[in-house]
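Residue-level listing of the chains:
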Amino acid sequence: MNDQIYVGHPFYFPTQVVMVDDDPDFLDGVSLMLDSNLSYCLYQSATEALDYVNSAHQQVNLLQRCYSNYKTGHQDSDSLSHVDISKLHEEIFNPARFKTSSTVVVDYSMPEMNGLEFLMSLENPFIRKVLLTGQADMELAIKAFNKQLIHQFIDKHDPKLKQMLNSTITSFQDQYFRSSFKLITDPIIANNHDSFLTDNKFRDIFEEILLKTKCVEYYMIDTPHSGFLLADSAGKRRCLLIFREAVLKEHADSLSVIGAPDKLVQDVRKGELIPAYEFQSENLGPDHPCLKNWQKYYHPGIKIESKVNYYATILAGDDLPQAYQGNIIPYRDFMESNSLNREILH
């Protein structure tokens with residue numbers, strides 16, 4: 001039995017892979033091996049590729065917007081970190097988010113600079129670095145890997161090149177989020193803001209929901225309750241609201257005290273109905289709109305059984321809170337409008 005704790009991402013969106021090789025024929029061939037839903041750029045020129053990658057990572061300003069650190073004393077360790085979860089979802093309105101380079105795959109032997117020189121010139125320390133080699137460069141690549149100068153090396157002539165490239169890229173995109181945004185993830189986990197991020201059973205159900213909704217990007221939210229804003233490749237958005245079982249029972253008790261309909265009280269207590277509004281900030285009474293028209297404000301619940309049971313519901317369409325509406329550039333449109341990423345840039 002695997003009891004390893006999996007820490008989920010507070011947010012995720014598709015990132016870009018940059019491939020650099022001075023041989024256009026190889027780039028043409030390798031582009032046909034990559035997954036069709038992957039965003040990538042192909043460069044013959046190492047200099048131009050370096051300029052692109054070093055400028056692309058500056059487009060995402062999540063840390064500046066959401067993370068703050070306060071000094072609480074004279075020692076270096078006397079500090080307090082804070083993450084404003086209410087601002088995480090604003091990244092969905094950033095049209096440049098999909099240009100974030102998470103992985104760079106570069107050939108070692110190139111005329112302008114070799115692959116190691118290229119990778120050592122990357123300004124973003126969290127980009128995953130893959131070195132493509134021939135047999136003559138293999139010993140050098142092994143030494144670079146052992147010295148942790150690169151994260152992976154792949155033989156260009158390996159018969160399993162397609163499989164190795166795609167599996168490596170998938171893994172490294174996940175690792176990029178795990179390492180580059182630790183300043184956001186760690187305080188959330190440390191403050192136990194949402195324990196579902198470290199709940200393996202919740203993770204399994206969450207992945208099923210992502211597949212069912214064809215979600216390609218998501219962002220943690222805290223309004224109207226803890227959960228996630230989900231978006232598919234066409235930009236259709238949904239809210240996944242997540243409640244602990246104890247919170248729902250407390251809410252059911254409160255509904256009972258104020259004389260809410262018995263069916264509503266019982267269904268909330270059993271987790272069959274989930275509130276889709278900020279009930280904890282409302283002064284609820286029998287005449288409150290959310291109770292008089294409760295069929296509109298309570299939605300079917302999904303039970304997630306774990307050490308701590310959770311209940312979830314999904315909001316979409318007109319039920320989606322206003323804060324999560326608005327024009328965005330969805331991943332599908334980004335891929336269509338950036339057709340140059342399918343061509344070799346010189």
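So, here's what we can say about the structure. Owing to the predicted nature of the structure, the values given are computational and were not obtained by experimental measurement.

1. Description of the overall build of the chain
And then number 1: Helix and strand counts for the chain stand at 13 helices and 16 strands.
And then number 2: By its C-alpha atoms, the chain is 80 × 50 × 40 Å across when sized along the principal axes.
And then number 3: Every one of the 346 residues in the chain was classed for burial, and the buried ones make up 50%.
And then number 4: Within the chain, counting contacts between residues at least 6 apart in sequence, those at least 24 apart form 66% of the total.
And then number 5: Accessible surface computed for the chain: about 17,300 Å², of which carbon and sulfur atoms make up 49%.
And then number 6: Positive and negative charge centroids in the chain, built from 32 and 47 side chains respectively, lie 6 Å apart.

2. Re the environment of Leu 140
And then number 1: With respect to the helices and strands, the residue Leu 140 is situated in helix 5 (residues 138-146).
And then number 2: Along the primary structure Leu 140 and Leu 116 are separated by 24 residues, whereas in three dimensions their C-alpha atoms are 9.7 Å apart.
And then number 3: Ignoring sequence-local partners within four residues, the contact set of Leu 140 consists of Tyr 108 and Leu 116.

3. Concerning the pairing of strand 3 (residues 39-43)
And then number 1: Burial of strand 3 is extensive: 5 of the 5 residues sit out of reach of the surface.
And then number 2: Residues Ser 39, Cys 41 and Tyr 43 line one face of strand 3 and the alternating positions Tyr 40 and Leu 42 line the opposite face, and both faces are buried.
And then number 3: Judged from the 5 bridges that link them, strand 2 (residues 16-20) and strand 3 form a sheet pairing that is parallel. Looking at strand 3, one finds that Val 20 is bridged to Tyr 43.
And then number 4: For the crossover that starts at strand 2, traverses helix 1 (residues 24-31) and ends in the parallel strand 3, the hand is right-handed.

4. Let's talk about the sheet that holds strand 1 (residues 11-12)
And then number 1: The 6 strands are arranged 1-9-10-11-15-14 in an open sheet whose pairing can be described as antiparallel. Either end of the sheet is taken by a strand with one partner, and the two such strands are strand 1 and strand 14 (302-304).
And then number 2: As defined by bridge partners, strand 9 (residues 215-221) adjoins strand 10 (residues 227-232) across 6 bridges and the pair is classed as antiparallel. From the neighbouring strand, Tyr 218 faces strand 10, where its bridge partner is Leu 230.

5. Some details on the packing of helix 9 (residues 245-257) against helix 10 (residues 262-269)
And then number 1: The geometry of helix 9 relative to helix 10 is characterised by a closest axis approach of 8 Å and an angle of 165 degrees between their N-to-C directions. In terms of orientation, helix 9 and helix 10 fall into the roughly antiparallel class. The handedness of the crossing between helix 9 and helix 10 comes out as left-handed. Side by side, helix 9 and helix 10 meet where Leu 248, Lys 249, His 251, Ala 252, Asp 253, Leu 255 and Ser 256 of the first sit next to Leu 264, Val 265, Val 268 and Arg 269 of the second.
And then number 2: In the contact of helix 9 with helix 10, the residues fall into 6 nonpolar, 2 polar and 3 charged.

6. Some points on the pattern of salt bridges
And then number 1: As enumerated under the stated definition, the model contains 13 salt bridges in all.
And then number 2: With its nearest N and O atoms 3.2 Å apart, the salt bridge here joins Lys 182 to Asp 186. Of this pair, Lys 182 and Asp 186 both sit in helix 7 (residues 182-190), 4 residues apart, roughly one helical turn.
And then number 3: For Lys 182, a relative accessible area of 42% gives the class partly exposed.

7. Quick word on unusual backbone geometry
And then number 1: Omega for the bond connecting Thr 223 with Pro 224 falls within 30 degrees of zero, at 0 degrees, which places this linkage in the cis form.
And then number 2: On the secondary structure map, Pro 224 appears in the loop between strand 9 and strand 10.
And then number 3: Even without a glycine there, the phi angle at Gln 148 is positive, about 60 degrees.
And then number 4: In this fold, Gln 148 is placed in the loop between helix 5 and strand 8 (152-155).
And then number 5: A relative accessible area of 72% places Gln 148 in the exposed class.

8. A word on the pairing of strand 9
And then number 1: With 6 of its 7 residues buried, strand 9 lies for the most part within the structure.
And then number 2: As paired strands, strand 1 and strand 9 are joined by 2 bridges and run antiparallel to one another. Looking at strand 9, one finds that Tyr 12 is bridged to Tyr 218.
And then number 3: From the end of strand 9 to the start of strand 10, which pair antiparallel, there are 5 residues.

9. Looking at the side chain of His 251
And then number 1: Of note, His 251 is situated in helix 9.
And then number 2: With relative accessibility at 3%, the residue His 251 sits in the buried group.
And then number 3: Once residues lying within four places of it in the same chain are set aside, the contact partners of His 251 are Val 268, Pro 275, Tyr 277, Phe 279, Leu 284 and Tyr 298.

10. Some words on the nonpolar core
And then number 1: Of all hydrophobic cores here, the largest spans 87 residues; its most connected members are Phe 118 and Phe 228.
And then number 2: Each residue touching Phe 118, except ones within four places of it in the same chain, is listed here: Val 20, Ala 46, Ala 49, Leu 50, Val 104, Val 106 and Met 113.
And then number 3: Judged by nonpolar contacts, the second largest core, of 17 residues, contains Val 17, Leu 27, Val 105 and Leu 165.

The rules we used
Residues numbered from 1 in each chain as written. Predicted model: local features only at pLDDT ≥ 70, side-chain atom pairs only at ≥ 80, totals over all residues. Heavy atoms only, no water. Helix = DSSP H or I, 4+ residues; strand = E, 2+ residues; numbered from the N terminus. Buried < 20%, exposed > 50% of the residue type's maximum accessible area, 1.4 Å probe, protein only. Contact = heavy atoms within 4.5 Å. Areas by Shrake-Rupley, 256 points an atom, 1.4 Å probe, with all protein chains shown as cover. Lys, Arg positive; Asp, Glu negative; His and termini not counted. Charge placed at Lys NZ, Arg CZ, Asp CG, Glu CD. Pairing = 2+ DSSP bridges. Right-handed = clockwise from strand over helix to strand, strands pointing away. Axes fitted to C-alpha atoms, helices over the stretch in contact; angles between N-to-C directions. Parallel < 35°, antiparallel > 145°, perpendicular 65-115°, else oblique. Left-handed = near helix turned anticlockwise from the far one by under 90°. Nonpolar A, V, L, I, M, F, W, Y, C, P; charged D, E, K, R; others polar. Salt bridge = Lys/Arg side-chain N within 4 Å of Asp/Glu carboxyl O. Core = buried A, V, L, I, M, F, W, Y, C linked by side-chain atoms within 4.5 Å.

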